[in-house]
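Residues per chain are reported as follows:
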Amino acid sequence: MIALANPARFAALARRLSPWLIGATAVLFAAGLWFALVASPADYQQGETVRIMYVHVPAAWLSLMAWTLMSLASLGVLVWRHPLADVAAEAAAPLGAAFTFLALVTGSLWGKPMWGAWWVWDARLTSELVLFLMYLGVIALRGALDEPARASRLVAVLTLVGFVNIPIVKFSVDWWNTLHQGESVFRMGGSTIDSSMLIPLFLCAVAFTLLFFTLWLVGMRTALIQRRLRGLRLRAAAEGAPGVSTAIEAT
Amino acid sequence: MTPFLALLRRDLRLAVRAGSGFGLSLLFFVSVVVVTPFALGPDLALLGRIGPAILWLAALLATLIGLDRLFQADYDDGALDLLFAMRLPLPLAVFAKALAHWLVTGLPLVVVSPVLGLLVNANPQAMAATALTLLVGTPALTMLGAIGAALTVGLRRGGLLLPVLVLPLAVPVLIFAVGATEAMAGDGSGFAPAFMLLVGIVLASLVLAPVAAAAALRAAQT
Amino acid sequence: MSLSATHLGFVLAAYGAAAAVVLALVLWTALRHRAEARALAAMEKRLGRGGEAPR
């Protein structure tokens, strides 16, 4: 963490890692898709629709993981004052929102054939929908604030407040009688899913996770560039450098 | 007089002063409850079934819409800095301000709700349960709203952003409040557990939300 | 038509949605990065050229 605190070094490291991450993501997606669509069996009860699990579950896992990473980054902003923490939080939010959206859409597409309804207001679906709204709220709050330092702290507080929803989503199927499937992968007594389906599930999960990290690192580099740009524009406006338009572009 | 009571008294005085919009939240609450049946149609049975939910939604909206005033006036005239300088811990100061706000905007809603229960054709048990859950739940709404108010203080577009940020946090209160009321309107068997959970959530909010709001106020300092 | 055949549409729709979201994310991330990097390069060139000279 300390070694990565220098933005320039981080950007250089991220740039070098990028090709490897992209390659690994592509390979894992290829393998995951192969196993998900071709080399795994249909379910005894659900038929082919079980294959939606290989997209829906990783998306849902990532929707929780992203907010957890954002919360750690928020602690980095408020407690440890790590210089890269805010950039990490900013870059993760849109990704988390997209994966939450994907989880909701694929879940709905899975629910219709399985339960007969596009949507039910049970605990897990409701809390995941609330999570999506919270992602949008965090993005909206950051967009509404002009000052970067203030924005980083306020967004950090909101993110930490919202973290209370993460255990709710996770344990909702245990605490309430829900229509949604209970925990079947990470359970105390071992998974209840057959290994022929665990393989594509894990492959797709790793693929999506690698995709997240790939895009996250690029997003962080972009955010760093934007901060640098803002600083340069403000400096140029103050110094009155020729050829640089001031008031309108200065933010 | 302790700093807490002094702050509470000051905010109460300011809230009922002319020009502060005292009574507007109540007016908004009544307006929403009156307008909703127009959207639903005259089916009295339907209205009776969802009457408590209408009251709760209206209370939620009325609370949220008035909350941006919580810190705004102090922010505008610089009194917010005095809050930081007080001997009172900031979360307690936030609690005092939110309590004053609730006494002026939330409590009137509770008092008026039985009358409005007649408008939405709720049976007597439902009306009683609604009033009770509102009494217990609106303080939590105000306290959670204080977090949103602290996060959006000074923002030009903060008015709409506050409800957007607070609604996700208010969902559990809403779920258990309406759940308890529905249970009471029926055979009353599910009321106790739902009400207990509501009380639990409310108590947790009353303790944790001021801390979060105080953190947000500190974070908002430039 | 067998049961699993009628549900195939849902599976395809789900994978299609996933592909669309992934594609959108990748494009958005990449294009934004390129745009900002270009803006930064342009700004640094401008400042390097005219920054030190007096008005």
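**Notes on the overall build of chain B**
Looking only at helices and strands, chain B has nine helices and zero strands in total. Walking chain B from its N terminus toward its C terminus, one meets helices and strands in the order α-α-α-α-α-α-α-α-α. Summarising its shape, the C-alpha atoms of chain B cover approximately 55 × 35 × 30 Å along the three principal directions. Going through the 222 residues of chain B one by one, you find that 45% of them count as buried.

**Focus on the overall build of chain C**
Within chain C, the regular secondary structure consists of one helix and zero strands. Per-residue burial over chain C gives 16% buried out of 55 residues.

**A short note on the environment of A205(A)**
Residue and element names in this part refer to chain A. Locating A205 in the fold gives a position in helix α7 (residues 195–239). Along the chain, A205 and L28 lie 177 residues apart, while their C-alpha atoms are 9.2 Å from each other. Not counting the four nearest positions on each side in its chain, A205 is found in contact with P58 and W61.

**Focus: the interface of chain B and chain A**
Facing 16 residues of chain B, the contacting portion of chain A comprises 15 residues. The biggest single contributor to the side of chain B that touches chain A is helix α8 (residues 158–185) of chain B, with six residues.

**Observations concerning the interface of chain A and chain C**
Each side of the interface is counted separately: chain A has 34 residues, and chain C has 28 residues. Looking at the side of chain A that touches chain C, the elements that each hand over two or more residues are α3 (85–115) and α7 of chain A. Taken together, the residues that form the side of chain A that touches chain C break down as 21 nonpolar, eight polar and five charged.

**Considering the packing of helix α4 (residues 123–144) of chain A against helix α5 (residues 148–162) of chain A**
Residues and elements named next belong to chain A. Between α4 and α5, the shortest axis-to-axis distance is 9 Å and the interhelical angle comes to 165°. By the angle between their directions, the pair α4 and α5 is classed as roughly antiparallel. Crossing hand, α4 versus α5: right-handed. Along the contact surface, α4 presents M134, G137, V138, L141 and R142, while α5 presents A151, L154, V155, L158, T159 and G162. Classifying every residue of the contact of α4 with α5 gives seven nonpolar, three polar and one charged.

**Considering the nonpolar core**
Soluble globular proteins tend to pack their nonpolar side chains together in the buried interior. In this structure, A92(A), I147(B), A150(B) and A216(B) are the most contacted members of the largest nonpolar core, which totals 148 residues. When residues in this core are grouped by element, the largest group, 17 residues, is from α7(A). Ignoring sequence-local partners within four residues, the contact set of A150(B) consists of F71(B), A213(B), A216(B), L217(B) and A220(B).

**Details of the packing of helix α2 (residues 24–40) of chain B against helix α3 (residues 44–66) of chain B**
Helix-helix packing is characterised by the crossing angle of the two axes and by the distance between the axes. Residues and elements named next belong to chain B. Between α2 and α3, the least distance of the axes is 9 Å, while the angle of their chain directions is 145°. As for how α2 packs across α3, the hand of that crossing is right-handed. Contacts from L24, S25, F28, F29, V32, V33, T36, P37 and L40 of α2 reach α3 at L46, L47, I54, L55, A58, A59, L61, A62, I65 and G66.

**Side note on the arrangement of the chains**
Counting contacts across all two pairs of chains found in contact, the highest total belongs to chains A and C. Separated without contact, chain B and chain C have their nearest C-alpha atoms at a distance of 24 Å.

**A few points about the confidence of the model for chain C**
Residues and elements named next belong to chain C. Of the residues in chain C, 76% have a pLDDT of 70 or more, and the chain-wide mean is 82. Below a pLDDT of 50 lies the segment residues 51–55, which in the model reaches two contacts outside its immediate sequence neighbourhood of four places, other chains included. For this predicted complex, the interface confidence reaches an ipTM of 0.84, while the overall pTM sits at 0.87.

**A short note on unusual backbone geometry**
With a phi close to 55°, R81(A) is a non-glycine residue in the positive phi region. If you trace the backbone, R81(A) turns up in the loop between α2 (53–80) and α3. Owing to 10 C-beta atoms within 10 Å, R81(A) belongs among the exposed residues under this scheme. One non-glycine residue, N121(B), lies in positive phi territory at about 60°. Within the element layout of this structure, N121(B) appears in the loop between α6 (90–119) and α7 (124–152).

**Brief notes about the confidence of the model for chain B**
Put simply, chain B has an average pLDDT of 88, and 98% of its residues get 70 or more. Summarising per-element confidence for chain B, the mean pLDDT is lowest in helix α5 (residues 79–85) of chain B (84) and highest in α7(B) (93).

**A word on the environment of D122(A)**
Residues and elements named next belong to chain A. Mapped onto the elements, D122 comes out in the loop between α3 and α4. Owing to 17 C-beta atoms within 10 Å, D122 belongs among the partly exposed residues under this scheme. Spatially, the C-alpha atoms of D122 and E183 are 15 Å apart, while their sequence positions differ by 61 residues.

**Structural notes on α8(B)**
When the terminal C-alpha atoms of α8(B) are compared, their 38 Å separation across 28 residues agrees well with the 40 Å that a helix rising 1.5 Å per residue should span. Along α8(B), the helix axis deviates most sharply at P168(B), where the bend reaches about 45°.

So, how was this worked out
Residues numbered from 1 in each chain as written. Chains lettered and ligands numbered in written order. Predicted model: local features only at pLDDT ≥ 70, side-chain atom pairs only at ≥ 80, totals over all residues. Helix = DSSP H or I, 4+ residues; strand = E, 2+ residues; numbered from the N terminus. Buried ≥ 20, exposed ≤ 12 C-beta atoms within 10 Å, placed from the backbone. Contact = placed C-beta atoms within 7 Å. Nonpolar A, V, L, I, M, F, W, Y, C, P; charged D, E, K, R; others polar. Axes fitted to C-alpha atoms, helices over the stretch in contact; angles between N-to-C directions. Parallel < 35°, antiparallel > 145°, perpendicular 65-115°, else oblique. Left-handed = near helix turned anticlockwise from the far one by under 90°. Core = buried A, V, L, I, M, F, W, Y, C linked by C-beta atoms within 7 Å. pLDDT = per-residue confidence, 0-100. Expected span 1.5 Å × (residues − 1). Bend = angle between axes of the 7 residues up to and from the residue.

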